[in-house]
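# Architecture at a glance
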Amino acid sequence: MQVTNTILMVRPIAFRKNEQTAVNNYFQEDLDIKNVEINKKAQAEFDAFVNVLRAKGVNVIVVDDTETSDTPDSIFPNNWLSFHNDGTVGLYPMYAENRRNERREDIFALLEEQGFVIHSVIDYTCAESEGFFLEGTGSIILDRVKEKAYCALSVRADEDLFIEFCEDFEYTPVVFTAYQSVENKRLPIYHTNVMMCLAENFSAICLDTIDDKKERKNVLKNLKQDGKEIIEITEKQMHSFAGNMLQVLGTNDKRYLVMSSAAYNSLTDKQIETIEKSSEIIHSSLETIETCGGGSARCMMAEVFLPKTK
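Cut-off values and rules
- Residues numbered from 1 in each chain as written.
- Predicted model: local features only at pLDDT ≥ 70, side-chain atom pairs only at ≥ 80, totals over all residues.
- Heavy atoms only, no water.
- Helix = DSSP H or I, 4+ residues; strand = E, 2+ residues; numbered from the N terminus.
- Polar contact = N/O pair within 3.5 Å; in protein donor to acceptor, adjacent residues only side chain to side chain.
- Contact = heavy atoms within 4.5 Å.
- Phe/Tyr/Trp six-rings, centres within 6.5 Å; stacked < 30°, edge-to-face > 60°.
- Buried < 20%, exposed > 50% of the residue type's maximum accessible area, 1.4 Å probe, protein only.
- Lys NZ or Arg CZ within 6 Å of the ring centre and 35° of its normal.
- Core = buried A, V, L, I, M, F, W, Y, C linked by side-chain atoms within 4.5 Å.

### Some points on the side chain of N244
By secondary structure assignment, the location of N244 is in the loop between α6 (235-239) and β14 (246-249). Within polar-contact distance, the side chain of N244 engages the backbone nitrogen of A297 at 3.4 Å. A distance of 3.4 Å separates a polar atom in the side chain of N244 from the backbone nitrogen of C299. Excluding anything up to four places from it in sequence, N244 contacts N193, V194, V258, G295, S296, A297, R298 and C299.

### Notes on the packing of aromatic side chains
Centre distance and the angle of the planes are the two values used to describe a pair of aromatic rings. Summed over all chains, the structure comprises six aromatic pairs. Ring centres of Y95 and F133 lie 5.5 Å apart, and the angle between their planes is 80°; this geometry places the pair in the edge-to-face category. Of this pair, Y95 sits in the loop between β4 (88-91) and α2 (105-113) while F133 sits in the loop between β5 (120-123) and α3 (136-139), placing them 38 residues apart in sequence. For F133, a relative accessible area of 7% translates into the label buried. Site record: aromatic cluster; members linked through ring pairs are Y92, Y124, F165, F169 and Y171. Looking at K308, its charged tip hangs above the ring of F116, at a distance of 4.6 Å from the centre.

### Quick look at the nonpolar core
In this structure, Y150, F176, M195, M196, V219, M259 and I275 are the most contacted members of the largest nonpolar core, which totals 35 residues. Elements supplying a minimum of two residues to this core: β7 (148-152), β8 (172-176), β11 (196-198), β12 (202-205), α5 (213-225), β15 (255-260) and α8 (269-275). Setting aside anything within four residues of it in sequence, one finds M196 in contact with I141, Y150, F176, S203, A204, I205, L223 and G243. One finds A42, F49, I289 and A297 within the second-largest nonpolar core, a separate group that totals 25 residues.

Have a look at this one:
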């Protein structure tokens, strides 16, 4: 299946603007308040978001961050792990050194206690020592049904590692580079999932970020041949995190598209109408998390596709 009912989320303890990721995450900005207040606001946004999801019947597994390590971005677990329906877990190499502390084996034990089955772990983290990175489903957009993987190359998404992932998990790779304008320069976007969302029947994507026409044409060809309706978003909408959305299952397997309120408010009536043909929209305010963290709703949710014990 392309969508799941179960989401893993990590509640922050020391959320702030991460200086180690800000060097190439151009979505991050400063807030003129103390880090303690930033964390309180982020926790309030996190709790409200979880409540909105649970109210629709989404199974949200919340894990508290630990106080023993400096992990300001622990709220974005989808970057360091991925779960797959054959019981495999992927572990990924992280660009920022302080993000590597987010990886926790106790989370796997918690999932197993809840009846999820983990058969094996494919660990790519040794690439960190060589300076190569691939940040989970931030870097990789998976079409789990058609077995295709989309990746916008950047410092945080190495092509050779991505190809290795595709070979290990048996996905067909679709490779391109996506850019954004920063001080009159076109620089690579740090994560694929801020410019592209893939749902069962559609893809919301900022095609204007794919400067190479052949690459853009290839991405479109793959999406269209797999029956995806294209919802094209602008760069301005992307900066409101309109690409950072995730389709999930709620009560009675009802489809929902999850996004922040900023993303929702940036959409046109026609875009909303297209989405709502197959998914009800859920949105919640994530202003502090988006401003300081440079990530939004999709980054906060690690999809759990693991099988369960009978």
